[in-house]
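Summary of structural features
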Amino acid sequence: MTGVQLRKAGVQFDALRIDGEDGRTLADRLARMTGGDPGPIVETATGRRGVYFLVPVGSTSHRPWPVGVTRLTAGPDHVSYIPVPAINGLTWPLSWRYRPTAADHLVHTLLLRTALHSQG
C-alpha cells in the first residue's frame, strides 16, 4: 500500500506535533531513552517540517504543554486529523521517523514529557 491517510484523532490515537529541528531532536532523544523503540513518530519534509508523536487517546489532556507543542485531539467542539503515511511505498512528503512496531504500541506520553522538559 502506498500513500497517506488522514486519521481522526481520538479513535486509535491522538498526536502531539512539534515543528522543525526541535521535533526531530526530541524524537531521537526519545528513541535513545527507549532503546530505539519510542513508538510511532511521523515527520514531514515540507512546510513547517512537523513531527507527529502518536500517543494514546486522551493522554495529552489535563497537562500543560510548552509553547510550540500542538495537541491533535478530538473533543465536543473540534476534530483534528493526523497525517499518517503507509508503512511502505511512496508517501512523500510524509515518512516514518520511527515506524510502529506493534498495533497497540504508541509513544508513552509521560516519557515524551520527560524528554521534552530535559531538552535544552
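See the structure shown above.
Calculation rules
Residues numbered from 1 in each chain as written. Predicted model: local features only at pLDDT ≥ 70, side-chain atom pairs only at ≥ 80, totals over all residues. Heavy atoms only, no water. Axes fitted to C-alpha atoms, helices over the stretch in contact; angles between N-to-C directions. Helix = DSSP H or I, 4+ residues; strand = E, 2+ residues; numbered from the N terminus. Parallel < 35°, antiparallel > 145°, perpendicular 65-115°, else oblique. Left-handed = near helix turned anticlockwise from the far one by under 90°. Contact = heavy atoms within 4.5 Å. Nonpolar A, V, L, I, M, F, W, Y, C, P; charged D, E, K, R; others polar. Core = buried A, V, L, I, M, F, W, Y, C linked by side-chain atoms within 4.5 Å. Buried < 20%, exposed > 50% of the residue type's maximum accessible area, 1.4 Å probe, protein only.

1. Observations regarding the packing of helix H1 (residues 20-33) against helix H2 (residues 109-118)
H2 packs onto H1 with a crossing angle of 120° between their chain directions and a minimal axis gap of 10 Å. Relative to H2, the element H1 lies oblique. H1 and H2 meet at a crossing whose hand is right-handed. Along its contact with H1, which presents Leu26, Arg29, Leu30 and Met33, the element H2 presents Leu111, Leu112, Thr114, Ala115, Leu116 and Ser118. Tallied by class, residues from the contact of H1 with H2 come to seven nonpolar, two polar and one charged.

2. A look at the nonpolar core
Residues Leu26, Leu30, Ile41, Phe53, Val107 and Leu112 are the most contacted members of the largest nonpolar core, which totals 17 residues. Contributions of two or more residues to this core are made by strand E2 (14-19), H1, strand E4 (50-55) and H2. With four residues, H1 is the single largest residue contributor to this core. Formed by twelve residues, the second largest nonpolar core is a distinct cluster that contains Ala9, Phe13, Val42 and Trp96.

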